[in-house]
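Each chain, written out:
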Amino acid sequence: MDEKNEKIRQLKQEIINYEAKLSANTSNIGDYRIIKCYEAALLQKDAPYDVDALIADRQGVRDKINELEAEIEALEAENG
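The following paragraphs examine the structure supplied in this document. (Residues numbered from 1 in each chain as written. Predicted model: local features only at pLDDT ≥ 70, side-chain atom pairs only at ≥ 80, totals over all residues. Heavy atoms only, no water.)

1. Quick word on the environment of Glu6
- Take Glu6: it is sitting in helix H1 (residues 3–23).
- Between the alpha carbons of Glu6 and Ala40 there is a distance of 44 Å; along the sequence they are 34 residues apart.
- Here the side chain of Glu6 touches Arg9 through a polar contact of 2.8 Å, side chain to side chain. (Helix = DSSP H or I, 4+ residues; strand = E, 2+ residues; numbered from the N terminus. Polar contact = N/O pair within 3.5 Å; in protein donor to acceptor, adjacent residues only side chain to side chain.)

The structure is reproduced here in structure tokens:
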């Protein structure tokens, strides 16, 4: 496997890891925490987590995923 293809594979694995972080119940920024905050809001109770920090942290991960996807696109374009 050439160097660019290996780099693409590594970047795709990073994306998978970040996506897992967003969805994992055990993650400090996982969907579970968003759901619990939403449930609290529906019940007009205080959120169990810092919603602003949670959303900001999740957006940071999404931004990183977008950067990695752009890097993959650039590498794939180089490969033709």
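2. Points about the side chain of Arg58
- With respect to the helices and strands, Arg58 occurs in helix H3 (residues 51–79).
- One polar contact links the side chain of Arg58 to the main-chain carbonyl oxygen of Leu22, over a distance of 3.1 Å.
- Once residues within four sequence positions are removed from consideration, Arg58 is found in contact with Leu22, Ile29, Gly30, Asp31 and Ile34. (Contact = heavy atoms within 4.5 Å.)

3. Notes on the packing of helix H2 (residues 31–42) against H3
- Where H2 contacts H3, the two axes come as close as 11 Å, and the packing angle between them is 145 degrees. Our pair here, H2 against H3, has a crossing hand that is left-handed. From H2, Asp31, Arg33, Ile34 and Cys37 reach across to H3, where they touch Val51, Leu54, Ile55 and Arg58.
- In terms of residue class, the contact of H2 with H3 is made up of five nonpolar, no polar and three charged. (Axes fitted to C-alpha atoms, helices over the stretch in contact; angles between N-to-C directions. Left-handed = near helix turned anticlockwise from the far one by under 90°. Nonpolar A, V, L, I, M, F, W, Y, C, P; charged D, E, K, R; others polar.)

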